[in-house]
Structures are given as structure tokens and as C-alpha cells.
Amino acid sequence: MHSAISLSLSSASPITARSDAGATSSASPAVFSSQLRFCGLRSEAVTGCRSACSKAVMLKPKMKVFASLNGNGNGAQSKGFDYDLVIIGAGVGGHGAALHAVEKGLKTAIIEGDVVGGTCVNRGCVPSKALLAVSGRMRELQNEHHMKSFGLQVAAAGYDRQGVADHAENLATKIRNNLTNSLKSLGVDILTGVGTVVGPQKVKYGKAGGSETVITAKDIIIATGSVPFVPKGVEVDGKTVITSDHALKLETVPEWIVIVGSGYIGLEFSDVYTALGSEVTFVEALDQLMPGFDPEIGKLAQRVLINPRKIDYHTGVFATKITPAKDGKPVTIELIDAKTKEPKDTLEVDAALIATGRAPFTQGLGLENVNVETQRGFIPVDERMRVIDSKGKLVPHLYCIGDANGKMLLAHAASAQGISVVEQVSGKDHVLNHLSIPAACFTHPEISMVGLTEPQAREKAEKEGFEISISKTSFKANTKALAENEGEGMAKLIYRPDNGEILGVHIFGMHAADLIHEASNAIALGTRIQDIKYAVHAHPTLSEVIDELFKSAKVKDEASRAVGEPVAV
């Protein structure tokens, strides 16, 4: 989980990140930076994140052809096909695509081999937000100085572990049901089973050991998501050595837990565990914690989120071997120097959480039937999410969105990609600007970002021959933040002073995840600083942090004009 969002400016190359820990630095399954799988919410239902479709299995060769299906107000049947659109995977990417397809009048089916909602609703961002809600309240109640500043007196705060776990599970169940009902109410056919591409515009699905059904579709979207990546040498038992899938069940709160990886997932779980009383040790392969964040924001975040809490860390090391607790012995973690590979230390702890990234779930999809070869596990696509075969040619009517294509590790990015694909199959060309997609880490306080970090912006400026400028504002000057006694934080704007183009915005502070969207929408719409600085913000609100950020920027050319075409990545 080394990088927050590592964007390539090349339109056809997927993005990967190194694992935070591994036996060696040699080739391993494709790993992306382990951003907590951020949700993209729709008004029709409170939905979850990208599907990590259940593992494909070999099915018996008996099958039947689905010649025609009855519609449920789900668009008219496409001429010569069972469906206009079939989506493999019912996570947030597939869900977003399905809803938009219905809006466009397309007869749509979605195939899911596990449960609707995918990773995020069932094993990711939805239950994690429930745990983080608890940790935020515990942290506030435990801060005696903070409560006294309000004139409040609070007795010692405690918690019921099972009650906290139930809150997370109940939320996941509720959101999963809402998401399923939203699909059904719109007439989307939910087909249960593992989906496999068997040829051009043809998919089969079915359960293990059962019959298979073949359906045809004018267009097909693969949205199968990803699964937790576990490096070699790590033995996961689901009890004392766990992934985020297990941690979200909160079956135990260990006294001392090692978190391997200091990216989004690692940071958020450190927030949860320390609020509930655990001591945390980070193991990070790079030389600094939170290496994917803008360096200035990361430095401030470490001062607030790491240093004052019961957290220590080892940087520049690999965890080459992790053995679960057994027969009264603790979890053992062997560390080596990431550069020299020399042994560094051996830790003995109560538990270990592996937060080293995610790997695309693309096996068993029948890609060989359309001459497609994955690249480090990812399905190659162009800037329009069209699948590319082994000869570099586009596979007609086949698309891939979300984690499976490796472009960006965010659920709302998957949903946006799905909507973009639906626009295309509906006859309107559309290219998604990935640089306008925001991300957030839901610690206390929160971290959010959109666009380029300062080093990325400086590299781009040097290559393209322009200057960049930096503008900053502090939460300490914001009335609403001070009223909440939450003045710790800053916002940072990276921009071009010659034309007012917004290159990146980074926020650390109260409700940063909510504040970032004004900046992300400005980038998406090509709005320049000299225009947005005249926007009016209610007083007193946290949004004035962003208002002051734009107003403090100095642009040489005040004439308003379009920035240019969005960058496709």
C-alpha cells in the first residue's frame, strides 16, 4: 500500500503499486496500493464498493442456451440478443453501470457469483466506516481535555466489542439489501453464478456443480474487482494473522497488533485499533510512512495520527515470514532490510494485519476465448475501457472497469468508468478524466486529495515547460473548525499561475473527505481558479477553508478561458 493514487499519464497503461511487504522484491502477483475500497453512492440506494466476485470454478460441461428473457421494464430486448448489456460483477462498478444502463433504456443483466455489493459492502468500505464511526466517538470521549474545553464532564468511556462488530455487520446487511432492491426495482435481472466469457458477445454463468446457462449480449462489461493480496511467506489463519476481510469482523481486539503496510487500509485500522485500546506497530517497505500521500500532508498527518498515539513503526523493511500464534506461542514476524535483504529484527506480537494491497480478480473469466492476456493480472484496456487483445487490437463490445483493469483503485472510479462505458454503448463518446477523481482516508482527522501531488506536479511542469505555484490555508483560521475545537489541519492547492489550472488539492483536517469535492468537480469541469474564487460559501462553514484556498492563489492571467481537454489515464 505504498501509493495513494499513482496515476500514469499514458492512456493505455494500468497502474500498479509495490507491496508493502513481501518475501523478496522479485516478481509477484499484481498488487495495487491498498486504498480502502471507497464507495460511490447513488441516490437509488446506499450502495457499496466494487465487487470482488467469488472465485471462478470449473463447472460441468452441461449447459443450456438462454434464448429469450422476459423484460421487467428493463428496456426493450435488443434485436438478436438476450440483453443489450450484461455486467459480470455486482459491486459498485457493476451497480453504477447497471443503473445508468436502465436510465438509457438498455435491457440489462448483472451476474454475481457471491453476494450483491461486492467487497465494499460486505468486506470493505461500508463495515469499515461503521468501525471508524465508533473509533471517532471513542477518541473524542477519551480526550478529557477536549471535552473540558466544551465545559463537558464525561465518565470513562467503554465499549462492547460484540456490539461494535454487530453495528458493522448490520450496516453491511442493510446496505446490501438496499442495493439489491434498487436493482430489482429498476428491472435489472440479477443472475446468480460465476460469469465467464465464452466468445464474442456471449457469456455463460452457473454455480459449481450445477448447470450452466449461456446468454448473449450486444455489449459486455467485466467488473469483477479484486481480492486482498498476501505476500509470499505470510501464513494467514484468519484469527491471529488476518487481512482486512477478517479484521472487519472485529472478532478480537488484540493488545498489540502489527499492521503491514501504512497506506489507506493500514492507517484506518490503526485509527480503529488504537481507539479501542490496542498498541500498533507499522511495518513499511519504503523509507517513510504514508509514502503515497503528498509529502507535506503526510508529514502533518504523521505528527497528528501516528506520533501521539500508541503507534511505533519500522520503515525500509520487508516482512519475509509471518507465522500465526499457535500452541501458546505469539505471532512471529521476521523483518529484513528492504535494500540489503539483511535480517533486521523479529517481532513477537498478538496479531498481524496484512494491508499490503489488492490483486485483480481476473482468473476464470474465459479471457482466452477472446484472445485476451492479462498484464500482471490486470485486463488491458484503452482510455475508453475497451478491452485490448494479445495482438493490441480492441475486442469488439467487451469492456472492463474497476480494479480488474488496474487504472485506479477506487470504487467510485469503477462506477464512473461503468457510466462512461454505458454512455459509449448508448452512442455518445465519453472519456473519463481520472485526474478529477477524489480519494479520502477516513482517519480522525481525515485526509483527502484530488489530482497531482506536489512532486508529480513539479515533474509534469518540468517536462511540459510551465511553472507551478502552491497555496495553503489552515483550519486554525476557520470559525467552524475552532467552534468544534478541531483546528488541526491544512489545505493545499497546486496550480498553474499562468492560466489558473488546478493541478491538485490536498486536505488534512475535519471532514476533509467531504470538502474535496468542490476541487474535484472544478478539475472535472475545467474550471479555473480565477472563476471559482468568486463562488460564495456559507458562513461559518468548513467549506470556507477551500474558499480561502482558492482566493489566496495568485494567477497572472485573470482572463477566463477553458483549461483544455481532460487528461485520460
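So, here's what we can say about the structure. (Residues numbered from 1 in each chain as written. Predicted model: local features only at pLDDT ≥ 70, side-chain atom pairs only at ≥ 80, totals over all residues. Heavy atoms only, no water.)

1. Looking at the pattern of salt bridges
Summed over all chains, the structure comprises 25 salt bridges. A salt bridge links Lys-129 to Glu-268; the shortest N-O distance between them is 3.7 Å. Separated by 139 residues along the polypeptide, Lys-129 in helix H3 (residues 125-142) and Glu-268 in helix H7 (residues 264-275) bring together distant segments of the chain. In this structure Glu-268 comes out as buried when scored by relative accessible area, which is 2%. (Salt bridge = Lys/Arg side-chain N within 4 Å of Asp/Glu carboxyl O. Helix = DSSP H or I, 4+ residues; strand = E, 2+ residues; numbered from the N terminus. Buried < 20%, exposed > 50% of the residue type's maximum accessible area, 1.4 Å probe, protein only.)

2. Remarks on the sheet that holds strand E15 (residues 343-349)
Strands sit in the order E13-E14-E15 across an open sheet of 3 strands; the sheet is antiparallel. The two strands at the open ends of the sheet, each matched to only one other strand, are strand E13 (317-323) and E15. Across the sheet, the mean angle separating the axes of adjacent strands is 20 degrees when strand polarity is ignored. Pairing of strand E14 (residues 331-337) with E15, which is carried by 6 bridges, proceeds in the antiparallel orientation. (Pairing = 2+ DSSP bridges. Axes fitted to C-alpha atoms, helices over the stretch in contact; angles between N-to-C directions.)

3. Some details on the packing of aromatic side chains
According to the stated counting rule, one finds 2 aromatic pairs in the structure shown. A ring pair is formed by Tyr-264 and Phe-293, whose centres lie 5.2 Å apart and whose planes are at 40 degrees; its orientation type is tilted. Of the two residues, Tyr-264 is situated in helix H7 and Phe-293 in the loop between strand E11 (279-284) and helix H8 (295-306); the sequence distance between them amounts to 29 residues. For Phe-293, a relative accessible area of 4% corresponds to the buried category. Arg-496 extends its terminal NZ or CZ atom over the ring of Phe-466, reaching a point 4.0 Å from the ring centre. (Phe/Tyr/Trp six-rings, centres within 6.5 Å; stacked < 30°, edge-to-face > 60°. Lys NZ or Arg CZ within 6 Å of the ring centre and 35° of its normal.)

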